[in-house]
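For reference, the chains in residue letters:
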Amino acid sequence: MTLAGTVGPVLRQAAGAGGGLRGALTLLKDVGLRGVQLDITVAGLRPRELSKRDRQDLLATLRRADMTLAGVDFFIPVNDYQDAAQVDRAAAATVAAIELAADLGRVPVSLALPVAALDAGVASAIATAAEGHAVPLAVHGENQLAALEQWLAAIDQPGVGAGVDPAGLLAAGLKPEEAVYKLGRRVKVARLSDLVNPGSLRCAVGAGELD
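This structure is a prediction, so every number in the text was calculated from the model and none was measured.

J.: I tried to follow the nonpolar core on my own but got confused; where do I start?
T.: Nonpolar side chains in soluble globular proteins tend to be buried together. Grouped together as the largest cluster of nonpolar side chains are 56 residues, with contacts concentrated most on L38, Y81 and W151. Ranked by residues supplied to this core, first place goes to helix α4 (residues 87-103) with 8 residues. Aside from chain neighbours lying at most four places away, what touches L38 is V7, L21, L45, L58, L69, G71, V72 and D73.

Quick look at the structure:
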């Protein structure tokens, strides 16, 4: 199993390592990681900002850094999928994220969806885009796990599954190992995170409640 570092938080620390994506990749390599998870909500990595050539250059940058692309994170506010003024834009942006993931090697897209209240048309558009581009979706719904299970069963599409974030599950009062058993083969992406109480604060792995 190969761990991949999430680039979003690391980009904010990258100034001392050359700045930008290359600096972030250097920081990840310095701690022994050879895989990367890109946050495509970050300026410079957003789908609408990347032309076909930019996407090829991004892959070339990863190759030169000897880094494997594990997947992409597309975490926009969950409420955008429920707000009548935002839902069309959110759905279009999600489809654009799927298209970017396809161009980057059909890597999994991790995202959070309000599955218990998601409009059926929006859900269908997202699932159809994922199937059409052969891009796996890892849907996070740690605070609505039962609804997520039901939603995945209703979608019934092999490429659409769950993302597992232990810190999110712990914050919801759930045991990560039990959630994994319940979701079974529907787990597409597993994150490594931890949480400490009181306060439900994320912490270094091993310093919190994760067994």
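J.: What is the right way to read the side chain of S193 from this model?
T.: Relative to the elements of secondary structure, S193 occurs in the loop between β7 (187-190) and β8 (194-196). A polar atom in the side chain of S193 sits 2.5 Å from the side chain of D165. Within the structure, the side chain of S193 is placed 3.0 Å from the backbone nitrogen of A167, a separation counted as a polar contact. Setting aside residues no more than four positions away along its own chain, S193 makes contact with D165, P166, A167, R202, V205 and L210.

J.: I tried to follow helix α8 (residues 176-183) on my own but got confused; where do I start?
T.: Since the α-helix advances by 3.6 residues per turn, residues separated by three or four positions end up pointing in the same direction. Among the residues of α8, those classed as buried are P176, A179 and L183. The buried residues of α8 occupy an angular sector of 60 degrees when the element is viewed end-on, so they sit on one face. Away from its buried face by more than 90 degrees, α8 exposes Y181 and K182. Contact partners of the buried residues in α8: α6 (145-155), β6 (160-164), α7 (166-171) and β7. Directly beyond the C-terminal end of α8, a positive phi value near 55 degrees is found at G184.

Rules and cut-offs
- Residues numbered from 1 in each chain as written.
- Predicted model: local features only at pLDDT ≥ 70, side-chain atom pairs only at ≥ 80, totals over all residues.
- Heavy atoms only, no water.
- Core = buried A, V, L, I, M, F, W, Y, C linked by side-chain atoms within 4.5 Å.
- Buried < 20%, exposed > 50% of the residue type's maximum accessible area, 1.4 Å probe, protein only.
- Helix = DSSP H or I, 4+ residues; strand = E, 2+ residues; numbered from the N terminus.
- Contact = heavy atoms within 4.5 Å.
- Polar contact = N/O pair within 3.5 Å; in protein donor to acceptor, adjacent residues only side chain to side chain.
- Arc of directions from axis to C-beta.

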